[in-house]
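Okay, here's what each chain looks like letter by letter:
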Amino acid sequence: MASVFLYHVVGDLTVGKPELVEFTENETVEAAIRAIGESTDCGIAVWKRRSGLIENAETRHQRFLGILNPLDIVAFLARDDCLNDQLKALKTPVSEFLVPDNTLLKEVDPGTRLIDALEIMKHGVRRLLVPKSLGWRGMSKRFSILYNGKWLKNIDSNPSIAIPNINRSSSSTPATIIRDKYCCLSREDVIRFLIGCLGALAPLPLSSISSLGAINPNYCSIEASSPAIEAARKIPREPSAFAVVDPTPDGQHKIIGEISASKLWKCDYLAAAWALANLSAGQFVTGVEDNQSSRYLPDLVAAGGGDSAGAANGGRLIRQRTFSSRSIGFFNHNPSSQSFGVNRSMYRGRSVPLTCKTTSSLAAVMAQMLSHRATHVWVTETENDDVLVGLVGYADILAAVTRPPAAPVPEVQLKQEVNQECKC
């Protein structure tokens, strides 16, 4: 076990994290789109409105409903009733389509060991709710054990708990927990911290993801020729992504793109919803070009906007504009491309899926995820860039870096095996 996990605590990772602003269940889809765009994570936590002035960890956890991501919103807006009245859909409370799951968040103390936090996240928790502290400067290896050599317990068992300020250059005044002030720690924050500790994790970072067992063969996929709306019928939770694949005669799958929450993070949600409902999966990820006049996207503008080309419809004017990959936020620089999976290199920009090889190092995959703000990386065969074999997500990385090292083979046993091989 790397010492960095034992000598660091959760509070070390929360320095500079903004204060949590609760997004409540009665907020609208329009507000959710705005909040996700402004968030530092690909998704927002949704809460029930607070009823009392004082609450503990248990009542706080009961108020937490789940995490809403861009794919959830696009799937909702792709419903027939939402497409027929997009303005009404944008005013719909998120509680009407949010899938409740309060196991995705857990409250922990700033003094919780990093190794304990990783164990929590490995088992499905995506966010750690951490109380904010006054004067928190981080804890060193020497001062990471608190209160008579014992780790901090749950703050509800001791509401008056205070965290000592161990920075030598500061005053001796302890850093106390601020009541009702929290920040959220995501798995991306943990991976970002690990990137800065590669030396302490050696030799794991330079090991291949295949040798570490970090490749997850269980992933969701959809064929390029299938309707893209199939991705909205049962959205996977971990990660929230579908690989768009083109099957080969020998039963393999070539990846040409993906429909995922991270890809749709900064997209035009209404355009993406229309495309999800009307296009095939291949068309959705590679784009339908501007010169194909058979594809139109309704564009709602306010009545009285002076667009004489529009038709009045319930106080709104509807103007038809041609749909293209740019409407979603994807880019395709080859307008003549119509086939899927023939040559993935022809598809450039955001529509290209983030991939790595089975021989890629763990450090390289972590760097890919952080630089692209992705929740996962698709893994392809070493010999073939397109053939999909699995993916690497946050949980797979956390499991790999915390997995106990294989027990070394005893020297006597090793000599016996060598002698047997020589006799053969």
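If you're wondering where the values come from, they're calculated on a predicted model, not measured in any experiment.

(A) Local environment of the pairing of strand β16 (residues 388-393). Burial within β16 is extensive, with five of its six residues counted as buried. Note: strand β15 (residues 376-380) against β16, five bridges, orientation antiparallel. Within β16, the position partnered with Trp378 by the bridge is Leu391.

(B) Focus on the pattern of salt bridges. What the rule picks out here adds up to 15 salt bridges. For Glu107, the salt bridge is made with Arg60, and the minimal N-O distance between the two is 2.9 Å. Of this pair, Glu107 sits in strand β4 (residues 105-107) while Arg60 sits in helix α4 (residues 57-63), and the two are 47 residues apart along the sequence. Arg60 gets classed as buried once you look at its relative accessible area, which sits at 4%. Residues joined by salt bridges that share partners form a network here, namely Glu22, Arg50, Glu55, Arg60, Arg63 and Glu107.

(C) The arrangement of the packing of helix α5 (residues 70-77) against helix α11 (residues 269-278) in detail. Between α5 and α11, the least distance of the axes is 8 Å, while the angle of their chain directions is 60 degrees. Judged on the interaxial angle alone, α11 and α5 are oblique. Between α5 and α11 lies a crossing whose hand is right-handed. Across from Pro70, Ile73, Val74, Ala75 and Leu77 in α5, the residues of α11 making contact are Tyr269, Leu270, Ala272, Ala273 and Leu276.

(D) How the structure looks around the packing of aromatic side chains. Inspection of every chain in the model, using the stated rule, returns three aromatic pairs. On the basis of an interplanar angle of 70 degrees and a centroid distance of 5.4 Å, the ring pair of Trp47 and Phe64 is categorised as edge-to-face. With Trp47 in strand β2 (residues 44-47) and Phe64 in strand β3 (residues 64-68), this residue pair connects regions lying 17 residues apart in the sequence. Pair check on accessibility: Trp47 and Phe64 agree, each one buried. Aromatic side chains Tyr219 and Trp378 sit 6.1 Å apart centroid to centroid with 80 degrees between the ring planes, which places their arrangement in the edge-to-face category. Of this pair, Tyr219 sits in the loop between α10 (198-201) and β8 (221-223) while Trp378 sits in strand β15, and the two are 159 residues apart along the sequence. Owing to a relative accessible area of 24%, Tyr219 belongs among the partly exposed residues under this scheme.

(E) Highlighting the sheet that holds strand β14 (residues 355-357). Sheet architecture is open: three strands sit in the order β14-β15-β16, paired in mixed fashion. The open sheet has two edge strands, β14 and β16, and neither has a second partner. Averaged over all adjacent pairs, the angle separating strand axes in this sheet is 35 degrees, with direction ignored. Each of β14, β15 and β16 touches helix α14 (residues 362-371); the most contacted strand, β15, lies at about 130 degrees to it.

(F) Spatial organisation of the pairing of β15. Extensive coverage of β15 is indicated by the burial of five of its five residues. The side-chain alternation of β15 yields two buried faces, one formed by His376, Trp378 and Thr380 and the other by Val377 and Val379. In this view, the connection linking β14 to its parallel neighbour β15 by way of α14 has right-handed handedness.

(G) Highlighting the environment of Asp180. Looking at the secondary structure, you find Asp180 in strand β7 (residues 175-186). Since its relative accessible area comes to 39%, Asp180 is described here as partly exposed. Distance from Asp180 to Glu55, taken between C-alpha atoms, is 8.9 Å for residues 125 residues apart in sequence. Here Asp180 is in contact with Arg50 and Leu53, once residues within four sequence places are set aside.

What counts and how
- Residues numbered from 1 in each chain as written.
- Predicted model: local features only at pLDDT ≥ 70, side-chain atom pairs only at ≥ 80, totals over all residues.
- Heavy atoms only, no water.
- Buried < 20%, exposed > 50% of the residue type's maximum accessible area, 1.4 Å probe, protein only.
- Helix = DSSP H or I, 4+ residues; strand = E, 2+ residues; numbered from the N terminus.
- Pairing = 2+ DSSP bridges.
- Salt bridge = Lys/Arg side-chain N within 4 Å of Asp/Glu carboxyl O.
- Axes fitted to C-alpha atoms, helices over the stretch in contact; angles between N-to-C directions.
- Parallel < 35°, antiparallel > 145°, perpendicular 65-115°, else oblique.
- Left-handed = near helix turned anticlockwise from the far one by under 90°.
- Contact = heavy atoms within 4.5 Å.
- Phe/Tyr/Trp six-rings, centres within 6.5 Å; stacked < 30°, edge-to-face > 60°.
- Right-handed = clockwise from strand over helix to strand, strands pointing away.

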